[in-house]
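If you want the building blocks of each chain, they are given just below.
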Amino acid sequence: VGNVTEEFDDSQPGGSVVSSDPSPGEALRANSPVSLTVSTAARVPDIRGMDMDEARAELEKAGLTVVEGPAETDEDVLDGKAVRTEPSADELVDAKTTTIRLIPSNSVRVPMVLGDTVGSASDKLRERGLRPKVDSGRNGVVYGQNPLPGRVVGPDTEVRLSALG
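Described below are features of the structure shown in this document.

What counts, and where the lines are drawn
- Residues numbered from 1 in each chain as written.
- Predicted model: local features only at pLDDT ≥ 70, side-chain atom pairs only at ≥ 80, totals over all residues.
- Heavy atoms only, no water.
- Helix = DSSP H or I, 4+ residues; strand = E, 2+ residues; numbered from the N terminus.
- Rg over C-alpha atoms; globule rule 2.2 N^0.38 Å.
- Buried < 20%, exposed > 50% of the residue type's maximum accessible area, 1.4 Å probe, protein only.
- Contact = heavy atoms within 4.5 Å.
- Areas by Shrake-Rupley, 256 points an atom, 1.4 Å probe, with all protein chains shown as cover.
- Lys, Arg positive; Asp, Glu negative; His and termini not counted.
- Charge placed at Lys NZ, Arg CZ, Asp CG, Glu CD.
- Pairing = 2+ DSSP bridges.
- Axes fitted to C-alpha atoms, helices over the stretch in contact; angles between N-to-C directions.
- Arc of directions from axis to C-beta.
- Salt bridge = Lys/Arg side-chain N within 4 Å of Asp/Glu carboxyl O.
- Core = buried A, V, L, I, M, F, W, Y, C linked by side-chain atoms within 4.5 Å.

## Describing the overall build of the chain
If you tally the helices and strands in the chain, you get two helices and 13 strands. A globule of 165 residues ought to have a C-alpha radius of gyration of about 15 Å, yet the chain, at 27 Å, is considerably larger. For the chain, the C-alpha atoms occupy an extent of roughly 95 × 20 × 15 Å along the three principal directions. Here the chain holds 165 residues, and the buried ones make up 37% of them. A sequence separation of at least 24 residues applies to 64% of the contacts in the chain between residues at least 6 apart. Element-wise, carbon and sulfur atoms account for 45% of the exposed surface of the chain, whose accessible area totals about 9500 Å². Measuring between centres, the 18 positive side-chain charges of the chain sit 9 Å from its 28 negative side-chain charges.

Structure follows, in structure tokens:
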């Protein structure tokens, strides 16, 4: 092997030979040097659902520079977890020049407040960044809520409460 140079190639994973000099199939003398060009591409790991710190560490382990992007709501990924990256998972990128945007989730699971007093239910909802809206029974016990317990919603979502009393 003669000189080895590195070059980004979005069709070959990092460490793969992209080209050689002389080209494949050319005749040369025994023990003659062959120069190689090797891809520097890095594959973006799939970090969906990981804790944000774990996701960042996984991306950095792949040799990527990471910045955090704006949070978004995703029904399948709760607050504090990674939703996706830009560029997307499995894309080959130039690790030397590409900055990966790590997108966190701001989704919240609606807590069970059925059977709670309106005041207690409202406090639980506000603690999670949700907005309680009492339809009936301002001081009673909650017998209905919408969205239902367990649903995943965005921050500042209104949760309608129906109560007796």
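## Focus: the sheet that holds strand β1 (residues 4-7)
Here three strands make up an open sheet; going across it, the order is β1-β3-β2 and the pairing mixed. With partners counted over all chains shown, the strands left at the sheet margins are β1 and β2 (17-21), one partner each. This sheet shows a mean twist of 20° between the axes of neighbouring strands, independent of strand direction. Of the pairings in the sheet, the one linking β2 to strand β3 (residues 35-39) comprises four bridges and is antiparallel in character. In the strand pairing of β3, Val17 is matched with Val38.

## Some thoughts on the sheet that holds strand β6 (residues 82-86)
If you walk across this open sheet you meet the three strands as β5-β8-β6, and the pairing is mixed. The outermost strands of the open sheet, each flanked by one partner alone, are β5 (65-68) and β6. Recorded for the sheet is a direction-independent mean angle of 30° between the axes of neighbouring strands. Across the face of the sheet, helix α1 (residues 52-61) comes into contact with β5, β6 and β8 (99-104) while running at roughly 165° to β8.

## Details of helix α2 (residues 118-127)
The periodicity of an α-helix, 3.6 residues per turn, causes residues three or four positions apart to be oriented the same way. Of all the residues in α2, the buried ones are Val118, Ala121, Ser122 and Leu125. Each buried residue of α2 sits inside an arc of 100° when the element is viewed along its axis, so together they form one side. Its buried side turned inward, α2 meets β10 (131-136), β11 (141-146) and β13 (158-164). Count one or two residues on from α2 and you reach Gly129, which has phi positive near 80°.

## Quick notes on the environment of Leu28
If you trace the backbone, Leu28 turns up in the loop between β2 and β3. Discounting chain neighbours no more than four positions away, the residues touching Leu28 are Pro22, Pro33 and Val34.

## Some points on the pattern of salt bridges
Tallied over the entire structure, the rule returns 13 salt bridges. Measuring nitrogen to oxygen at the nearest pair gives 3.1 Å for the salt bridge that ties Asp74 to Arg48. Highlighted residues: Asp74 in the loop between β5 and β6 and Arg48 in the loop between β4 (41-43) and α1, separated in sequence by 26 residues.

## Brief notes about the nonpolar core
In this structure, Ile47, Leu59, Leu64 and Leu102 are the most contacted members of the largest nonpolar core, which totals 14 residues. Those elements that provide at least two residues to this core are α1 and β8. The biggest single contributor to this core is α1, with three residues. Discounting chain neighbours no more than four positions away, the residues touching Leu102 are Ile47, Met52, Ala55, Arg56, Leu59, Val66, Val67, Glu68, Gly69, Ala82, Arg84 and Thr85. Val108, Val110, Leu130 and Val159 belong to the second largest nonpolar core, which has 13 residues in total.

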